[in-house]
Amino acid sequence: MNPLLKTLVALAIGSLGMVAHAEELKVMTSGGFTAAYKVLGAQYATQSGDTLDTILGPSMGKAPEAIPNRLARGEHADVVIMVGYALDELIKQGKVDKASRVELADSRIGLVVKEGAAKPSIATDAELKAVLTNAKSVAYSDSASGVYVEKELFKKLGMPSKGTMIERIPVASQVAKGDYEVGLQQVSELLPIPGVTYVGKIPEDVQSVTRFAAGIPVNAEHPEQAKKLLQFLASPQAQPVVQSTGLDSVSH
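The rules behind these values
- Residues numbered from 1 in each chain as written.
- Predicted model: local features only at pLDDT ≥ 70, side-chain atom pairs only at ≥ 80, totals over all residues.
- Heavy atoms only, no water.
- Helix = DSSP H or I, 4+ residues; strand = E, 2+ residues; numbered from the N terminus.
- Buried < 20%, exposed > 50% of the residue type's maximum accessible area, 1.4 Å probe, protein only.
- Contact = heavy atoms within 4.5 Å.
- Areas by Shrake-Rupley, 256 points an atom, 1.4 Å probe, with all protein chains shown as cover.
- Pairing = 2+ DSSP bridges.
- Axes fitted to C-alpha atoms, helices over the stretch in contact; angles between N-to-C directions.
- Core = buried A, V, L, I, M, F, W, Y, C linked by side-chain atoms within 4.5 Å.
- Right-handed = clockwise from strand over helix to strand, strands pointing away.

Looking at an unreviewed UniProt entry, the protein carries the name Substrate-binding domain-containing protein, with the source organism given as Pseudomonas yamanorum.

The following block contains the structure:
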């Protein structure tokens with residue numbers, strides 16, 4: 001490309017409000033928003049010219065891959081996407097800029113069985129209780145939904161706690177392998193996994209809604225570009241993708 005044409009192209013990109021000098025943004029994201037992020041992140045990269053270096057990890061827990069543990073070890077990020085209350089804890093610790101926080105989506109808990117198994121009904125509390133009681137084995141995650149299942153769901157259903165907390169890897173993948181009969185996790189984390197049948201969301205009166213949010217760490221290398229990415233992820237045009245992955249749009 002000759003120098004004059006190159007200059008004209010650069011001016012055209014600038015006039016569209018796009019990034020003339022592309023940057024590589026490091027994004028840490030937790031499971032629940034990941035399916036939506038993969039689609040939206042690719043769209044944003046195409047529109048902006050920035051590239052996104054994505055690191056996956058839970059919002060909480062003891063696993064070394066968990067986002068708070070990564071930041072505690074001094075790993076760098078331009079954007080963190082995670083469970084809202086876990087993000088708030090990082091804001092309290094001074095690791096994420098409070099003013100950068102954006103609301104992204106709400107996530108509800110669903111249930112899967114192995115593909116080919118009979119699909120049970122879980123439309124009522126009694127039906128869900130029967131499914132969990134009769135299951136030979138139950139699995140749930142080590143993130144927000146699993147903490148709720150372990151500490152609150154069984155109590156609300158009036159049954160003893162049972163099951164295994166699965167660290168790091170998707171619960172549905174363990175159900176697909178036949179290691180567990182029933183899996184509970186956020187819907188957006190269940191849907192992308194092959195080899196399982198998605199039964200549905202658990203009843204609303206025993207449901208736990210997890211808010212996903214995002215923020216910019218105080219030591220981000222590209223805070224301005226990070227802000228533009230967050231604005232895009234929370235924008236009205238992103239909502240069809242958000243909803244298609246099993247998440248619910250945030251009500252304002």
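With that settled, consider the overall build of the protein. Each helix and strand in the protein was counted, giving 10 helices and 10 strands. Principal-axis analysis of the C-alpha atoms gives the protein an extent of 70 × 40 × 35 Å. Counting every position in the protein, which comprises 252 residues, the buried fraction comes to 49%. Within the protein, contacts between residues at least 6 apart in sequence are counted, and of these 75% link residues at least 24 apart. Summed over all atoms, the accessible surface of the protein reaches about 12,000 Å², with 55% contributed by carbon and sulfur.

Moving on: the sheet that holds strand β10 (residues 210-215). Taking strand neighbours across the sheet as the criterion, the 5 strands line up as β2-β1-β3-β10-β4 in an open arrangement whose pairing is mixed. Since the sheet does not close on itself, it has two edges, and those belong to β2 (51-56) and β4 (102-107), each with one partner. Shown here is a sheet whose adjacent strand axes are inclined to one another by a mean of 20°, direction ignored. Packing against the sheet, helix α2 (residues 31-48) makes contact with β1 (24-29), β2, β3 (79-83), β4 and β10, and its axis sits at approximately 155° to β1.

Relative to the helices and strands, threonine 29 is located in strand β1. In this structure threonine 29 comes out as buried when scored by relative accessible area, which is 0%. On a C-alpha basis, the gap between threonine 29 and leucine 56 in space is 5.3 Å, while along the polypeptide they are 27 residues apart. Not counting residues within four places of it along the chain, the set of residues in contact with threonine 29 comprises Thr34, Tyr37, Thr54, Ile55, Leu56, Gly57, Ile67 and Ile81.

Another point: the nonpolar core. Of all hydrophobic cores here, the largest spans 41 residues; its most connected members are Phe33, Leu40, Val80, Ile81 and Leu233. The contacts of leucine 233, once residues within four sequence positions are left out, are Leu40, Ile81, Leu104, Ala238 and Gln239. Counting residues in each nonpolar core, the second largest holds 21 residues, with Leu128, Tyr140, Leu153 and Leu157 among its members.

As a further point, take the pairing of strand β6 (residues 138-141). Of the two faces of β6, the one lined by Val138 and Tyr140 and the one lined by Ala139 and Ser141 are each fully buried. One ladder, built from 3 bridges, connects β6 with strand β8 (residues 182-186); its direction is parallel. Residue pairing for β8: valine 138 is matched across the bridge by valine 182. Here 3 bridges tie β6 to strand β7 (residues 164-166), and the two strands are oriented parallel to one another. Within β7, the position partnered with tyrosine 140 by the bridge is methionine 165. Regarding the hand of the β-α-β motif, the stretch spanning β6, helix α6 (residues 144-156) and β7 is right-handed.

Before going further, it helps to examine the sheet that holds β8. The 5 strands are arranged β7-β6-β8-β5-β9 in an open sheet whose pairing can be described as mixed. Two strands bound the open sheet, and with one partner strand each, they are β7 and β9 (196-201). This sheet shows a mean twist of 30° between the axes of neighbouring strands, independent of strand direction. Here α6 sits on the sheet in contact with β5 (109-114), β6, β7 and β8, set at roughly 130° to β6.

A separate point is the pairing of β5. Buried residues dominate β5, accounting for 5 of its 6 residues. Bridge count between β5 and β8: 5 bridges; the pairing is antiparallel. Counterpart to isoleucine 109 in the pairing with β8 is glutamine 186.

Further remarks concern the environment of histidine 222. Considering the arrangement of structural elements, one finds histidine 222 in the loop between β10 and α9 (223-233). Taking the C-alpha atoms as reference points, histidine 222 and glutamine 43, separated by 179 residues in sequence, lie 19 Å from one another. When sequence neighbours within four positions are dropped, the list of residues in contact with histidine 222 reads Glu23, Glu24, Leu25 and Asp78.

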